Amino acid sequence: MIHPLAFVDASVTVGEGTVIRQFASVTGGTVLGRDCKVSPFAMLHGSTYGDRVVIGAGVACGPGFLVGSDVHICPQVLLSNDAWPFASKEGFDYGRLQSGDGYAVIIDDGAFIGAGAKIMPGVRVGRGAGIAANAVANRNVPAGMLLRRCGALSPVPVDWAERRMRFARKEAGNTV
Ligand SMILES: CC(C)(COP(=O)(O)OP(=O)(O)OC[C@H]1O[C@@H](n2cnc3c(N)ncnc32)[C@H](O)[C@@H]1OP(=O)(O)O)[C@@H](O)C(=O)NCCC(=O)NCCS
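Residues numbered from 1 in each chain as written. Predicted model: local features only at pLDDT ≥ 70, side-chain atom pairs only at ≥ 80, totals over all residues.

K.L.:
Kindly report on the nonpolar core, identifying the contributing residues and their values.
P.N.:
One recurring pattern in soluble globular proteins is that nonpolar side chains are buried together. The biggest cluster of nonpolar side chains holds 39 residues, and the ones touching the most others in it are Val38, Ile113, Val125, Ile131 and Ala137. Going through the elements one at a time, β11 (65-67), β14 (105-107), β15 (112-113) and β20 (145-147) are the ones with two or more residues in this core. With sequence-adjacent residues up to four places away left out, Ala137 is seen in contact with Ala117, Ile119, Met120, Val123, Ile131 and Leu147. (Core = buried A, V, L, I, M, F, W, Y, C linked by C-beta atoms within 7 Å. Buried ≥ 20, exposed ≤ 12 C-beta atoms within 10 Å, placed from the backbone. Helix = DSSP H or I, 4+ residues; strand = E, 2+ residues; numbered from the N terminus. Contact = placed C-beta atoms within 7 Å.)

Okay, structure coming up:
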């Protein structure tokens, strides 16, 4: 389902069951697999996404990225494809990234990228790995590992699902 207020141009491939919400912009030959969710204000211009990928509000992704299946890219994440982003495009081959001939960032199946994280060019995020909210990922994150905001790597804990809702408290008001 593509919301009538989303902009999706004719170059885009959208898999069955994929939902693109209002005010998202999806252009430039982007390929989205099946049952993906693209949130409002996401900007996808090029790149390939697998199945069941969730793309949060305000995510900005140009060309040059290969994203697997079951990946969660949380709100305001930025994937970078250019190490020296001068306005002059000297030395930068946009067409190569656009055509999928070389990937600046690869995110493997089942990984998550926390809100506001920045992924530097050249980084690969392994299968089932995670990136902390607001972290700057400037090196590969091996499968099953978590890159913390301070740059430390630790295994994704086995009890991650139990830790998930511990912030949803019942008490109301500011009692701090
Ligand atoms: C990296 C992460 C998965 C670690 O989770 P965790 O292991 O359960 O967290 P920890 O118990 O190790 O946290 C330890 C401390 O570091 C802090 N911390 C951990 N990650 C942090 C981050 N990304 N930014 C700021 N502080 C962070 C915690 O608040 C905690 O502080 P405290 O000791 O003062 O209470 C989690 O913090 C994170 O960033 N998740 C992504 C959240 C997100 O993007 N949500 C978007 C949903 S749409």
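K.L.:
Describe in detail the environment of Asp159, supporting the description with residues and values.
P.N.:
Position of Asp159 relative to the elements: it lies in the loop between β21 (153-155) and α2 (160-163). Asp159 sits in the exposed class, given 8 other C-beta atoms within 10 Å. C-alpha separation for the pair Asp159 and Met1, spaced 158 residues apart in sequence, amounts to 35 Å.

K.L.:
Please provide a residue-by-residue account of the sheet that holds strand β3 (residues 19-20), values included.
P.N.:
Strand order in the open sheet formed by 8 strands is β3-β6-β9-β12-β15-β18-β20-β21, and the pairing between neighbours is mixed. The open sheet has two edge strands, β3 and β21, and neither has a second partner. Pairing analysis gives 2 bridges linking β3 to strand β6 (residues 37-38), with the strands arranged parallel. Of the residues in β6, the one forming a bridge with Val19 is Lys37. (Pairing = 2+ DSSP bridges.)

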